[in-house]
Amino acid sequence: MSETRLQAESRTEFGKGAARRIRRDHKVPAVLYGHGTDPVHVTLPGHDTMMALKHGGANALLRVEVDGDTQLVLPKQVQRDPVRGDLEHLDLLIVRRGEKVTVDIPVHVVGDAARDTTVTVENATLAIEAEATHIPEALEVSVEGLEAGSQILAQDLQLPRGTGLRVDPELLVVNVTQAGDLEAETASDDVEEAADEPEGGEETISSVAGEPGEAGEEQPGE
C-alpha cells in the first residue's frame with residue numbers, strides 16, 4: 001500500500017465555530033492519536049485529503065507532517081456532510097511500520113457462476129489483521145462456474161501473505177442459489193411484512209428525547 005503525504009497545520013481553536021471557519025477555508029479538522037501519545041489536533045488540506053481517501057479507500061495510509069514531525073496514520077473515523085459528502089472531521093490512528101492492525105476489508109466478487117443462479121454477497125466486508133503498511137485494498141472471491149447451493153465461507157478465502165482472519169471462520173461470505181429461489185423468498189418476505197402492517201394504513205412513529213446534534217460537531221477533547 002502506497003503512502004499519501006499530507007502537510008498539516010497545528011490548531012488550537014475547537015468547537016463548532018472553529019470547525020466551520022476551517023471548512024470555509026477548504027480545510028478539514030482532524031485529530032491524531034494512539035501509542036499512548038497525547039492527541040494532536042491538526043488541520044488538513046481539504047482537497048488533498050479527500051483525494052487520498054478516494055484513491056486509498058477506508059484504509060488509506062497517510063503520512064501526516066506537522067511542525068517538523070511526521071506520523072503514519074490510518075483513518076479511524078471519517079465524518080462527512082450527509083448531503084454534500086464533504087469531509088467534516090477525521091480521527092486518525094497513529095501506526096508504526098511492522099505493527100499489525102485490525103481493519104475491515106471490502107469483498108470483491110469476480111467470475112460468473114453457473115447459469116440460472118443468483119450470487120448473493122452476505123458480508124460485503126471482513127475484519128482481518130494485517131501489517132499497517134501492507135493492508136490489502138480488497139479480498140477477491142471467485143464464483144466462476146459455481147452451481148446453485150455453493151457457499152463460500154470466510155475460511156475458504158485465500159488471504160494475502162501476512163494477514164489473518166478476525167471473524168468466525170464459518171461466517172458465510174457468498175451464497176449461490178437457484179435464480180427462482182431468491183425471488184420466491186423475497187415474495188414471501190413481502191407477504192409477511194404486509195401482514196404485520198397495522199390496519200387502516202396507520203403509521204407508527206417513534207421519537208427520541210433530546211434535540212439532534214449538528215453534523216460535524218466536535219466533541220470536547222477531539
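Structural data are supplied above this passage.
Predicted model, so just to flag it, every value in this text is computed and none were measured.

For the rest of this paragraph, the subject is the pattern of salt bridges. Under the definition given, this model contains 6 salt bridges. With a shortest N-O distance of 3.1 Å, E9 and K27 are connected by a salt bridge. Of the two residues, E9 is situated in strand β2 (residues 9-10) and K27 in strand β3 (residues 27-34); the sequence distance between them amounts to 18 residues. Here the salt bridges share partners, and the residues they tie into one network are E3, R63 and R97.

In this model, the second largest pocket occupies a volume close to 280 Å³. Contributing to the lining of the second largest pocket are 15 residues, with A58, N59, P75, K76 and V103 lying nearest its centre. Put simply, the parts of the chain that give the lining of the second largest pocket at least two residues each are β6 (69-80) and β8 (100-110). No other element matches the 6 residues that β6 contributes to the lining of the second largest pocket.

Here we take up the sheet that holds β3. The sheet built from 7 strands is open, its strands ordered β1-β5-β6-β7-β3-β4-β2 with mixed pairing. Strands at the two margins of the open sheet, each flanked by one partner only, are β1 (3-7) and β2. Pairing between β2 and strand β4 (residues 37-45): 2 bridges, direction antiparallel. Bridged to E9 within β4 is T43. Lying over the sheet, helix α1 (residues 16-24) contacts β3, β4 and β7 (87-95), oriented at roughly 120 degrees with respect to β3.

Before going further, it helps to examine the pairing of β4. Two strands pair when backbone bridges link them, and β3 and β4 are joined in this way by 7 bridges, in the antiparallel orientation. Directly across from A30, in β4, lies its bridge partner V42. Linking two consecutive strands that pair antiparallel, namely β3 and β4, is a turn of 2 residues; a positive phi of about 60 degrees is found at H35 within it.

The complete set of buried residues in α1 reads A18, A19 and I22. Take α1 and look down its axis: the buried residues cluster within an arc of 100 degrees, on one side only. Close packing links the buried residues of α1 with β3 and β4. Looking one or two residues past α1, H26 carries a phi angle of roughly 60 degrees, positive in sign.

Rules used throughout
Within each chain, residue numbers correspond to sequence positions counted from 1 in written order. In view of the model being predicted, local features appear only for residues whose pLDDT reaches at least 70, and side-chain atom pairs are presented and counted only at 80 or more, with totals across whole chains, interfaces and linings using the full set of residues. Calculation of side-chain values draws on the structure's entire complement of heavy atoms; hydrogens and water are dropped beforehand. Salt bridge, as used here, is a side-chain nitrogen of Lys or Arg placed within 4 Å of a carboxyl oxygen of Asp or Glu. Under the DSSP-based scheme used, a helix requires at least four consecutive residues in state H or I and a strand at least two consecutive residues in state E, with every element numbered from the N terminus. Here a cavity is any set of points on a 1 Å grid over the protein atoms alone where a 1.4 Å probe fits but cannot get out, and a pocket is any open set with protein on both sides within 12 Å along at least 5 of 7 lines; a residue lines the site when it has an atom within 4 Å of a point. Grid points are joined across faces, edges and corners, and a volume is the space filled by probe spheres set on the points. At least two DSSP bridges between two strands are needed for those strands to be called paired. Contacts between residues were defined by any pair of non-hydrogen atoms, one from each residue, lying within 4.5 Å. Angles run from 0 to 180 degrees between N-to-C directions of axes, and those axes are lines fitted to C-alpha atoms, restricted for helices to the stretch in contact. Burial classes follow relative accessibility: with a 1.4 Å probe on protein chains only, a residue under 20% of its type's maximum area counts as buried, one over 50% as exposed, and anything between as partly exposed. The arc under discussion is defined with respect to the helix axis, by the directions toward the C-beta atoms.

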